[in-house]
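Coordinate analysis (summary)
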Amino acid sequence: MASLLKEWDLYCGLVGEKPIIRELHLGGGTPTFFSPENLSKLLTDIFSKSIIHPDREFSIEGHPNNTTKEHLDTLYRLGFRRISYGVQDNDPVVQKAINRIQPLENVKKATEQARAAGFTSINYDLIYGLPFQTLESEEKTIKEVIGLQPDRIAFYSYAHVPWKQKSQRLYDETNLPAAHTKLQLYLLGKRLLTGAGYTDIGMDHFAQQGDSLYIQWAQNKLHRNFMGYTTTHTKMLVGLGVSAISDAGNAFAQNHRELENYYRSIEEGNIPVTKGYYLTETDSIFKEYILDIICRGQTILGRGYTYFLDAYTIPRLLEMQDDGLLVLDGNIVTVTDIGRQFVRNICQAFDMVGLMAAKSENKPSFSSAV
């Protein structure tokens, strides 16, 4: 926490004036492992050097097992109105495999306490494709979750990347649902959620009609950043902490992923960025295509950069059109209802850096889309 505050001081020194905080998210781990007193100290120090926007949106990730009334009251006082709980799956066998033991009673209690504290939006993270997960166990989990009426539900695909996540080496591919079963898990979850009144607003996310995320989606104003879908669209996203990613609009930067290197940079008075990427004009245009597809389900291809479009993008779009995932009408790309389940694949058709790099890569870097 001391290093986070020092890092914030470094940024404030570069800006030369008090920054305006429009949106703030505490996550990338579980901040409620910190005491309410320490969270208050951290945030109060950050806020004292900043101007807080009157229409702020502050959110935090909490763990159902350790989020207390004191946490929630403190965070509400500091301006937080949204909280996300990582539920994943309620089945004890699945929870043991992923080392995430948390009774449903704890989720219920944490949810009720958040509402009592004044939080206006509560999100649950659910995951399909987990080890030992079955259609029956997932159906039970989702029905239990629906009964608690969260405002939003993020329904993620399990990413099996044991070469990156050492904890995933505790089980192997034979413990995971087959690809066909995993797709059935997704379709079952989507059917249950939409049947209960949640709207599929985009990649992995479902929201009730009264939630601000749904309202922005309905008004065609949805945006997405590294933290996921958001109702705000700030020009500068500053990531603090180990491995945090920042977005300046025309460039990305990532902090050191190792704690030791992060600490060393901070103590030496340096911004702890270890790598970054400046967007070219081409990158910026194709980034907008991707955001359009993710947030609105449609994009219009411009007249420029026809080489990249003709050589990389359009051939892939035509293949996906044959599969019924999208409609390419002139220069307008529209995602179909079936295609909404494969938005990541459609977006890959606009990832010039990834497509060109794929030609030279011989090993997997990411999980499968399904």
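None of these values were measured; they are calculated from a predicted model. Throughout this description, residue numbers start from 1 for each chain and increase along the sequence as written. Given that the model is predicted, a residue must reach a pLDDT of at least 70 before its local features are reported, and side-chain atom pairs must reach 80 or more before they are shown or counted; all residues, however, enter totals for whole chains, interfaces and linings. Processing note: side-chain calculations cover all non-hydrogen atoms of the structure and skip hydrogens and water entirely.

1. Focus: the overall build of the protein chain
Condition: Segments assigned H or I by DSSP are reported as helices when at least four residues long, segments assigned E as strands when at least two residues long, and all are numbered from the N terminus. Here the globule rule reads 2.2 Å times residues to the power 0.38, and the radius of gyration is calculated from C-alpha atoms. Accessibility throughout is a Shrake-Rupley quantity obtained with a 1.4 Å probe, and a residue counts as covered only by protein chains that appear here. Asp and Glu are treated as the negative residues and Lys and Arg as the positive ones, with His and the ends of the chain left uncounted. Taken as the charge centre is NZ of Lys, CZ of Arg, CG of Asp or CD of Glu, depending on the residue.
Each helix and strand counted, the protein chain has 13 helices and 15 strands in total. Compactness check: the protein chain gives a C-alpha radius of gyration of 21 Å against a globular reference of 21 Å for 370 residues, within 12% of the reference. Here the C-alpha coordinates of the protein chain stretch approximately 55 × 50 × 40 Å along the principal axes. When the accessible surface of the protein chain is totalled, it reaches about 19,200 Å², and 53% of it is carbon and sulfur. Side chains of the protein chain carry 38 positive and 43 negative charges; the gap between the two charge centres is 3 Å.

2. Points about a nonpolar patch on the surface
To keep things clear, this is the line we draw: Each patch groups residues whose relative accessible area exceeds 30% and which form no salt bridge, using 9 Å between like charges and 5 Å between nonpolar side chains of Val, Leu, Ile, Met, Phe, Trp and Tyr. When a carboxyl oxygen of Asp or Glu lies within 4 Å of a side-chain nitrogen of Lys or Arg, that pair is called a salt bridge.
Taken together, Phe226, Met227 and Ile245 make up a surface patch of nonpolar side chains, about 270 Å² in accessible area. Structurally, phenylalanine 226 can be placed in the loop between strand E8 (223-225) and strand E9 (228-230).

3. Brief notes about the sheet that holds strand E11 (residues 251-255)
Short version of the rule: Being paired, for any two strands, means DSSP has found at least two bridges between them. To obtain each axis, a line is fitted to C-alpha atoms, and for helices this fit is confined to the stretch in contact; angles are then taken between N-to-C directions over 0 to 180 degrees.
Taken in spatial order, the three strands line up as E10-E11-E12 in an open sheet, and their pairing is antiparallel. The sheet is open, and its two edges are formed by strand E10 (245-247) and strand E12 (273-278), each paired on a single side. If you compare each strand with its neighbour and ignore which way they point, the axes differ by 15° on average. Both E11 and E12 contribute to a ladder of five bridges, which runs antiparallel. Each bridged residue has a counterpart across the sheet, and for alanine 253 the counterpart in E12 is glycine 276.

4. Describing the environment of lysine 6
Short version of the rule: Two residues qualify as a contact provided that any one of their heavy atoms is within 4.5 Å of a heavy atom in the partner residue.
Here lysine 6 shows up in helix H1 (residues 2-15). Measuring from C-alpha to C-alpha, the distance between lysine 6 and alanine 358 comes to 39 Å, with 352 residues separating the pair along the chain. Sequence-distant contacts of lysine 6, defined by excluding residues within four places in its chain, comprise Ile266 and Glu267.

5. Let's talk about unusual backbone geometry
Peptide bonds are trans in most cases, and residues, glycine excluded, mostly fall at negative phi. Under the convention used in this document: Buried means the residue's accessible area, taken with a 1.4 Å probe over protein chains only, is under 20% of the maximum for its type, while exposed means over 50%, and partly exposed covers the values in between.
A positive phi is found at glutamine 88, a non-glycine position, where the angle reads about 65°. Within the secondary structure, glutamine 88 is located in strand E3 (residues 80-88). The exposure class assigned to glutamine 88 is buried, which follows from its relative accessible area of 15%. For asparagine 99, which is not glycine, the phi dihedral falls at a positive 55°.

6. Regarding the pattern of salt bridges
Using the criterion set out here, one finds 15 salt bridges in the structure. The partner of arginine 344 in a salt bridge is aspartate 204, and the shortest N-O contact between them spans 2.6 Å. Taken as a pair, arginine 344 in helix H12 (residues 343-348) and aspartate 204 in the loop between strand E6 (199-202) and strand E7 (205-207) lie far apart in primary sequence, 140 residues in all. Between glutamate 260 and arginine 264 there is a salt bridge, with its nearest N and O atoms 3.1 Å apart. Of this pair, glutamate 260 and arginine 264 both sit in helix H9 (residues 259-267), four residues apart, which is roughly one turn of that helix. The network of salt bridges with shared partners includes Asp9, Asp45 and Lys49.

7. Some remarks on the environment of methionine 236
Position of methionine 236 among the secondary structure elements: in the loop between E9 and E10. The class for methionine 236 is exposed, based on a relative accessible area of 51%. Sequence separation between methionine 236 and histidine 205 is 31 residues; the distance between their C-alpha atoms is 24 Å. If near-sequence neighbours (up to four positions away) are discounted, methionine 236 is found in contact with Asp247 and Ala248.

8. Here we look at the packing of H1 against H9
Inclusion rule: An angle below 35 degrees is treated as roughly parallel, one above 145 as roughly antiparallel, one from 65 to 115 as roughly perpendicular, and anything else as oblique. In this scheme, a crossing is called left-handed if the near helix is turned counterclockwise away from the far one by less than a right angle; it is called right-handed if the turn is clockwise.
Interhelical geometry of H1 versus H9 gives an angle of 50° and a closest axis separation of 10 Å. Between H1 and H9, the crossing angle belongs to the class labelled oblique. Between H1 and H9 lies a crossing whose hand is left-handed. In contact with Ser3, Leu4, Lys6, Glu7 and Leu10 of H1, H9 contributes Tyr262, Tyr263, Ile266 and Glu267.

Treat this as a map of the structure, not an account of what it does.
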